[in-house]
Amino acid sequence: MPLDEAELGRRQARYQEIVKQNKPRPPILRNFLLAFVVGGAICVIGQAVLEFFTARGLTVDEAAGPTLAVMIFLGALATGLGIYDDLGELSGAGAAVPITGFSNTIVAAAMDFKREGYVLGMGSKMFIIAGPVLVFGIVSAVLIGIIRMLAT
Amino acid sequence: MTYILAFLIGGLICGLGQLILDNTTFTPGHMLVLFTVLGAVLGGIGLYEPLIKLAGAGALIPVSGFGSSLVRGVMVESQKLGWVGLLTGVFEFTGLGLAAAVFFGTIIALIFTPRS
Amino acid sequence: MEGKGPLASDFDVILPDLAMGQRTPERAETKILEEACNIALSAANLKPEDLEYMLAGDLLSQIISSSFAARQITAPYLGLYGACSTAAESLILGAMLIDGGFADTVLAATSSHYQTAERQYRYPIELNIQRKVTAQVTVTGASAAILKSQGTGPRITCATVGRVIDLGIKDSSDMGSAMAPAAADTLFWHLSDTNTRPEDYDLVLTGDLGRVGTVMLGEVLKDKGIVLGPNYNDCGLMIFSQDQDVGAGGSGCACSGVVAMGHIYKSMLRGLIKKVLLISTGALFSPLSFQQGETIPGIAHALVIEQA
């Protein structure tokens, strides 16, 4: 019996309706609050690091770099200790959006792929998740720079 | 006071990310790219700097802060160097973070193995 | 984690950890499968050279866990891929080989491993990813069964090979919904071919539909006029207890494998149940097809296991 395309289309539409009606919804409020609290807490830690540097006479602009470096180190360490993925499971975007999460994507990929070799595994796959952020961030930054130059 | 603002603004940005994950088909990768580009655009029209002034790490630490730093470098350098600055400026303020991530990432990956 | 679930006492070996002392998780999976095969052989008082065929499959690309394990077992080997339905696929083919007179002793085995599956299908292990409510956890384990033409144990009496059914689900974190239509289709044809009803079995058991997929299965079957009673269960729900943090339940080749060949087999030996309809389900997609935006086809194979 050959596949009846029209019949299949009807069955697909009917099934997608069933799935839509019966699919459990994520606990949106709970997820939002957890992301809010954990993300906020990570930023508070960042603020403490920032003020540690500004208290030593750096301006906020100057202190931004070292602060990010410290946070990146903390994220990398938490990943190595196997804590950061649990934090991600708990708080979703709360752990993913801060720079510590960016650091986690790089370390997690590096740890995972080192078994396929240090050069072709770890080295080449380190940016498997963080890469798109760099690509689209850089492309949009350069485009915005061009627009600013043309506009002024 | 800055701590409260850092908590509120940083938390809100992350919460917004979570709403996107729960209500769209975006993967975390898509969401992070979106936030980086949004940060770059807000930086480009001069709205992200005031947010950092206000909330400090609350605006700096989320990945949108990374996007705005990319643009800030491009704008600062292109004013100094012209067209060349468009490209050299990208890593002006983000280079340190990137190098730190690659360096610490490699060290940590050499020491630890995945567990859970 | 499976070792802390409700069925732990029916497993021959509880693994101490995911690494099994191996350098990579892929090696660990091969090791688990080898052990399962060796335990099955010694339980049946057989040596590898007594095996006429070894039928095995797993989830990894080019089914390396099975092929590498077969390197150690040294029996004539046929590699299978039916995603998570491989447990049933191997049993059905083994039973057919014996029934057709081509063999007397067949080993049917399958394995899956949480870390290898995560690495291949999803993200690096330590990445900060929140599991969606519909997502399932790949069961780490291996199952092996010896099929013989004679003997006193439970027998495979009937089988229905399923069709590939794709009703357009694209969400790879919701495999239960992708596979449920295939399970419904196979169950429908099995019941009408054999002229039986779900109540005729002591247990109707699907492979790894999980909490979401079982609901979808019920809805689809409603349209076909079939109602599953209290004798219905799903391996993905049975293997973990409610309070374990496993999303919508278990999945993977080993899910229906270890539940059927561990818990169900032993329950039959104890005489608790006599006639089981096992429907192993599989999602036939690859990371590549998913990224290219293809939908996820499902498959389900059914077999009847009876203890005289």
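Residues numbered from 1 in each chain as written. Chains lettered and ligands numbered in written order. Predicted model: local features only at pLDDT ≥ 70, side-chain atom pairs only at ≥ 80, totals over all residues. Heavy atoms only, no water.

**Thoughts on the sheet that holds strand S11 (residues 298-306) of chain C**
Residues and elements named next belong to chain C.
Next, step 1: Taken in spatial order, the 5 strands of this open sheet run S6-S11-S10-S7-S8, and their pairing is mixed. Where the open sheet ends on each side, the last strands, each with one partner, are strand S6 (155-160) and strand S8 (232-234). Averaged over all neighbouring strand pairs, the angle between strand axes comes to 20°, with direction disregarded.
Next, step 2: Where strand S10 (residues 275-283) and S11 come together, 9 bridges link them in antiparallel fashion. When the bridges of S11 are listed, valine 276 appears paired with isoleucine 305.
Next, step 3: Most of the contacts of helix H8 (residues 253-269) go to S10, to which it runs at about 175°, and overall it touches strand S7 (203-206), S10 and S11. (Pairing = 2+ DSSP bridges. Helix = DSSP H or I, 4+ residues; strand = E, 2+ residues; numbered from the N terminus. Axes fitted to C-alpha atoms, helices over the stretch in contact; angles between N-to-C directions. Contact = heavy atoms within 4.5 Å.)

**Points about the domain arrangement of chain C**
Residue and element names in this part refer to chain C.
Next, step 1: Domains assigned within chain C are domain 1 (2-148) and domain 2 (155-306).
Next, step 2: For domain 1 and domain 2, the distance between their C-alpha centres works out to 18 Å.
Next, step 3: Contact with domain 1, which involves 43 residues of that partner, is made by 50 residues of domain 2.
Next, step 4: Three residues stand out in domain 1 for area buried against domain 2, namely Asp10, Cys84 and Gln136, and they jointly supply 19% of the buried area on that side.
Next, step 5: Summed over the shared surface of domain 1 and domain 2, the result is 2 salt bridges.
Next, step 6: As a salt-bridge pair, aspartate 12 and lysine 266 come within 2.9 Å of each other at their nearest N and O atoms.
Next, step 7: Along the contact surface separating domain 1 from domain 2 lie 16 residue pairs in polar contact (both at pLDDT 80 or more).
Next, step 8: Listed by contribution, the elements that provide at least two residues to the side of domain 1 that touches domain 2 are helix H3 (86-99), strand S3 (105-112), helix H4 (114-121), strand S4 (137-138) and strand S5 (141-148). (Domains from an automatic or database assignment. Buried area = accessible area lost by both parts, 1.4 Å probe. Salt bridge = Lys/Arg side-chain N within 4 Å of Asp/Glu carboxyl O. Polar contact = N/O pair within 3.5 Å; in protein donor to acceptor, adjacent residues only side chain to side chain.)

**Some details on the interface of chain A and chain B**
Next, step 1: With 68 residues of chain A at the interface, the matching set in chain B holds 66 residues.
Next, step 2: In this assembly, chain A packs against chain B so that about 5700 Å² is buried in total across both faces, 80% of it on carbon and sulfur atoms.
Next, step 3: Of all residues in chain A, Phe36(A), Val97(A) and Met149(A) bury the most surface against chain B, accounting for 11% of the area lost on that side.
Next, step 4: Where chain A meets chain B, there are 1 salt bridge.
Next, step 5: Taking the shortest distance from any N to any O, the salt bridge between Arg72(B) and Asp61(A) comes out at 3.7 Å.
Next, step 6: Across the chain A-chain B interface, the total number found is 8 residue pairs in polar contact (both at pLDDT 80 or more).
Next, step 7: Among the elements that make up the side of chain A that touches chain B, the one with the highest residue count is helix H2 (residues 28-54) of chain A (17 residues).
Next, step 8: When its residues are assigned to classes, the side of chain A that touches chain B shows 47 nonpolar, 14 polar and 7 charged. (Nonpolar A, V, L, I, M, F, W, Y, C, P; charged D, E, K, R; others polar.)

**Remarks on the interface of chain B and chain C**
Next, step 1: With 7 residues of chain B at the contact, the number on the chain C side is 9 residues.
Next, step 2: Carbon and sulfur atoms supply 41% of the area buried between chain B and chain C, which totals about 590 Å² over both sides.
Next, step 3: Seen at the junction of chain B and chain C, the total is 0 salt bridges.
Next, step 4: Linking chain B with chain C are 2 residue pairs in polar contact (both at pLDDT 80 or more).
Next, step 5: Of the residues assigned to the side of chain B that touches chain C, the class counts are 3 nonpolar, 3 polar and 1 charged.

**Things to note about the packing of aromatic side chains**
Next, step 1: Applying the stated criterion across every chain, the model contains 8 aromatic pairs over all chains.
Next, step 2: One aromatic cluster in this structure is built from Phe32(A), Phe36(A) and Phe7(B).
Next, step 3: Stacked on the ring of Phe52(A), the Lys or Arg Arg56(A) has its end atom at 4.0 Å from the ring centre.
Next, step 4: Positioned over the ring face of Phe113(A) is Arg119(C), at 5.6 Å from the centre of the ring. (Phe/Tyr/Trp six-rings, centres within 6.5 Å; stacked < 30°, edge-to-face > 60°. Lys NZ or Arg CZ within 6 Å of the ring centre and 35° of its normal.)

**Considerations on the sheet that holds strand S2 (residues 77-80) of chain C**
Residue and element names in this part refer to chain C.
Next, step 1: As summarised here, the arrangement of the 4 strands in space is S2-S1-S3-S5, forming an open sheet in which the pairing is mixed. Looking at the sheet topology across the chains shown, the edges are occupied by S2 and S5. Taking the axes of each pair of neighbouring strands and ignoring which way they run, one obtains an average angle of 15° across the sheet.
Next, step 2: Two elements, S3 and S5, share 8 bridges in a ladder whose sense is antiparallel. Paired with valine 106 across the two strands is leucine 147, which belongs to S5.
Next, step 3: Its contacts with the sheet put helix H2 (residues 64-73) on strand S1 (53-57), S2 and S3, and the angle it makes with S1 is roughly 155°.
Next, step 4: Each of S1, S2, S3 and S5 touches H3; the most contacted strand, S3, lies at about 175° to it.

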